[in-house]
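Spelled out from the first residue to the last, the chains are:
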Amino acid sequence: MQKTLLILHGWGCDESVYAIIAKNEKLCSRYRVILPELPGFGKTPEPPEPWGVSEYAEYVAYYCKTNDISPDVLLCHSLGCRIALKLLSGEVENGLSPQKVVFTGAAGIRPKLSTTRKAKIRLFKLKKALLKPFPKALERMRQKYGSEDYRNATPVMRQCLVKIVNEDLTKLLPKVPHETLLIWGENDDSTPLSDGKLMERLMPNAGLAVIKNAGHYAFLEQSRLFMQILDSYI
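Residues numbered from 1 in each chain as written. Predicted model: local features only at pLDDT ≥ 70, side-chain atom pairs only at ≥ 80, totals over all residues. Heavy atoms only, no water.

Draft legend 1. Molecular detail of the pattern of salt bridges. Applying the stated rule across the entire model yields five salt bridges. A salt bridge links Asp231 to Arg30, with the nearest nitrogen and oxygen atoms 2.5 Å apart. Within this pair, whereas Asp231 is found in helix H11 (residues 223-233), its partner Arg30 is found in helix H2 (residues 25-30), the two being separated by 201 residues in sequence. For Arg30, a relative accessible area of 32% gives the class partly exposed. (Salt bridge = Lys/Arg side-chain N within 4 Å of Asp/Glu carboxyl O. Helix = DSSP H or I, 4+ residues; strand = E, 2+ residues; numbered from the N terminus. Buried < 20%, exposed > 50% of the residue type's maximum accessible area, 1.4 Å probe, protein only.)

Laid out in structure tokens, this is it:
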């Protein structure tokens, strides 16, 4: 029976971003590759209310159960890694037991904020509260100060993003027993390489492979090398 590889995508992405992996001829000859689009991304409707990481993990668990999917390999990028941490650590109940796990550009570690950054956040929250009665002015401020992901999101997905990025999942790393390969772009400015090194240190069975001249989307920027590393691992 052909083995199954499940891909969990990153924030703001759809299946087309991962076609270079999901449609790789050599990979598809060995695995049944499944790439669901999470609620709020691609063609999948937004969640009925703002979701955090746990709700997305519950969705993936339900999706796999109802579609009789038991992945042998779990490949995750960015947001997908957050979801996987909830599942693999057992924090969200599920029936998944992949033999191998691959994280690339993994999110989940909340950066420590400097005093200046904390002050800016407090000021932003104060301005947001003051501008609440003035929707147009509030939206202009959000467009000016919000991240690109935040600016491009709908109101519901903005609330999802805030819930997701504000949850620090560092405590779950030691609870992941699965053999895990961390593939990191050396120049990743979304999830810095220091996060990958911390994950390697805290996860019991993790190893780190660093790709030079690549950032958060190492599988696109250095696709040939990425696929070589992936193929040799799985």
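Draft legend 2. A look at the state of the cysteines. In total, this model carries zero disulfides according to the counting rule given. This cysteine, Cys81, is not joined by any disulfide, and Cys76 carries the nearest cysteine sulfur, 5.1 Å off. Given a relative accessible area of 0%, Cys81 falls into the buried group. (Disulfide = S-S within 2.5 Å.)

Draft legend 3. Layout of the pairing of strand S4 (residues 100-104). With four of its five residues buried, S4 lies for the most part within the structure. Relative to S4, strand S3 (residues 73-77) runs parallel, the two sharing five bridges. Considered in S4, the bridge of Leu74 is made with Val101. Taking the sense of rotation as the criterion, the β-α-β connection linking S3, helix H4 (residues 79-88) and S4 turns out right-handed. (Pairing = 2+ DSSP bridges. Right-handed = clockwise from strand over helix to strand, strands pointing away.)

Draft legend 4. Expanded view of the sheet that holds S4. Reading across the sheet, the six strands line up as S2-S1-S3-S4-S5-S6 and stay open at both edges, with parallel pairing between neighbours. Pairing within the sheet leaves two strands with one partner each, and these edge strands are strand S2 (31-34) and strand S6 (206-211). Strand after strand, the sheet turns through a mean of 20° between neighbouring axes, direction not considered. Docked against the sheet, H4 engages strand S1 (3-8), S3 and S4, running at close to 135° with respect to S3. (Axes fitted to C-alpha atoms, helices over the stretch in contact; angles between N-to-C directions. Contact = heavy atoms within 4.5 Å.)

Draft legend 5. Inspection of the packing of aromatic side chains at higher detail. Within this structure, the stated rule accounts for seven aromatic pairs. Consider the rings of Trp51 and Tyr59, whose centres lie 6.1 Å apart with planes at 45°: the pair is tilted. Grouped by ring-pair contacts, the aromatic residues Tyr18, Tyr217, Phe219 and Phe226 constitute a single cluster. (Phe/Tyr/Trp six-rings, centres within 6.5 Å; stacked < 30°, edge-to-face > 60°.)

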